[in-house]
Amino acid sequence: MRQSFQFKLFGCKRLKHIHRTIDASAEIWNHAVALHRRYYRLFKKTLPKAKLQRHLAKLRNGRMSHWEAVGSQSVQAITDRLYLGWEAFFKGDIKRPPTFRKRRKYRSFTLKQAGYKVLGQGRMKILGRNYRFNQSRPIEGTIKTVTVHRDALADIYITFSCEGVQQPLEAPKTGLSAGADFGLKNFLTLSTGERIAAPQPLKVRLRRLRKAGAALSRKQRGSKSRSRARLDVARVHRKVANVRNDWQWKQARMLLLTFDMLVFETLNLRAMQQLWGRKVGDLGFADFLSKAGWMATKLGRDLVKIDQWTPTTKRCSCCWRIQDVPLNARVFVCERCGHTEDRDVNAAKSILEEGRLLRSGAARKTSQEASGVNTAESHGL
């Protein structure tokens, strides 16, 4: 299992060489995309990767000599990423194929076996030049690749992808399980009745972001003042992302240390954004699920995801009867057994029970069995 270690490079004048390398990588990417499109338009088939790599190598040694700043293995990594994007597009995992990118928005290049050397604590050599980075923890395992990344504020980060990292011991078992229902008023409502509110960093900084965006729109294109105003906007966005990520990591760890199994319901977040707008994106439920999955693997916990079409909100957590529940009804009252409970807590308990059945592999009750409807199939006719 691979693990990544990310650190930030200290600012210095030598960083201009890394920026030039990333800009050259953007040119190579755009040239490869153009060649691939032209070949497909002429011959109606995919350009072979080996043929594209040979052509790029010939250009690096010829009229595109400034591409030599990008190592040969980094060029191979660019073409690998291009073809992975095409495969994902043909599989339907992404909506559009790889396309052109502006140099300013191109982010990274990858070094494999050559082009880097770790010199010591917080020091390394990248493409023949020495740099210092803020090493906050030791780099474990065997380094396989090093990715040099540039963010929107032009800060440079390095990411070490390592193999053979010693995995931490699993957290002690607590014997507790919980279902979690995602909501807008409360980020999570647990089957235990606990409610977790999430910070909304975008809402808190929305006024500042609008002010920075308005200042950016007034600046003349191509001017230095516009570049400074663009950095102000990017700085606010980075602060929003950092606050959200910090809270999500801490909350995911706390929940998975408390419960041996957590059950979540997958949701159609894109449709929810169309209904409730910016708040759904500000809460970041999809990112939280991704972080919780990684944390569950690290701590040896179970994280179960049930289908979004499971009628957890409409189903009684006691007798499993399914009934219509209007959106404005915040209390669930079962028409069969009379069970009365908060709507979100009832949904969280149904999510937990569904996750237990899914984890155990037992046959779940159908909606007809839950509502007590007798049909010909239920009588074996």
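Residues numbered from 1 in each chain as written. Predicted model: local features only at pLDDT ≥ 70, side-chain atom pairs only at ≥ 80, totals over all residues. Heavy atoms only, no water.

*Asks:* Can you break down the pairing of strand β3 (residues 116–120) residue by residue, with the values?
*Replies:* Sheet topology note: the β3/strand β4 (residues 123–126) ladder contains 4 bridges and is antiparallel. Bridging across to β4, Val-118 finds its partner in Met-124. Adjacent in sequence and paired antiparallel, β3 and β4 are bridged by 2 residues, among which Gly-122 carries a positive phi angle near 75°. (Pairing = 2+ DSSP bridges. Helix = DSSP H or I, 4+ residues; strand = E, 2+ residues; numbered from the N terminus.)

*Asks:* Any chance you could break down a nonpolar patch on the surface for me, citing the residues and the numbers?
*Replies:* On the surface, Met-1, Trp-249 and Trp-294 cluster together into a nonpolar patch covering about 340 Å² of accessible area. Along the chain, Trp-249 turns up in helix α6 (residues 224–258). Since its relative accessible area comes to 35%, Trp-249 is described here as partly exposed. (Patch = residues over 30% accessible without salt bridge, like charges linked within 9 Å, V, L, I, M, F, W, Y side chains within 5 Å. Areas by Shrake-Rupley, 256 points an atom, 1.4 Å probe, with all protein chains shown as cover. Salt bridge = Lys/Arg side-chain N within 4 Å of Asp/Glu carboxyl O. Buried < 20%, exposed > 50% of the residue type's maximum accessible area, 1.4 Å probe, protein only.)

*Asks:* Before we move on, can you summarise α6 with the specific residues and values?
*Replies:* End to end, α6 covers 51 Å across 35 residues, agreeing with the expected 51 Å (1.5 Å per residue, within 8%). Turning to α6, its buried residues number three or more, namely Ala-229, Val-233, Ala-234, Val-236, Val-240, Arg-244, Trp-247, Gln-248, Gln-251, Ala-252, Leu-255 and Leu-256. (Expected span 1.5 Å × (residues − 1).)

*Asks:* Can you tell me about the pairing of strand β7 (residues 156–163), naming the residues and giving the values?
*Replies:* Among the 8 residues of β7, 7 are classified as buried, and the element is accordingly described as predominantly covered. With 6 bridges joining them, strand β1 (residues 3–8) and β7 adopt antiparallel strand pairing. Along β7, the bridge assignment pairs Phe-7 with Ile-158. Bridging between strand β6 (residues 142–150) and β7 involves 8 bridges; their strand directions are antiparallel. Each bridged residue has a counterpart across the sheet, and for Thr-142 the counterpart in β7 is Glu-163.

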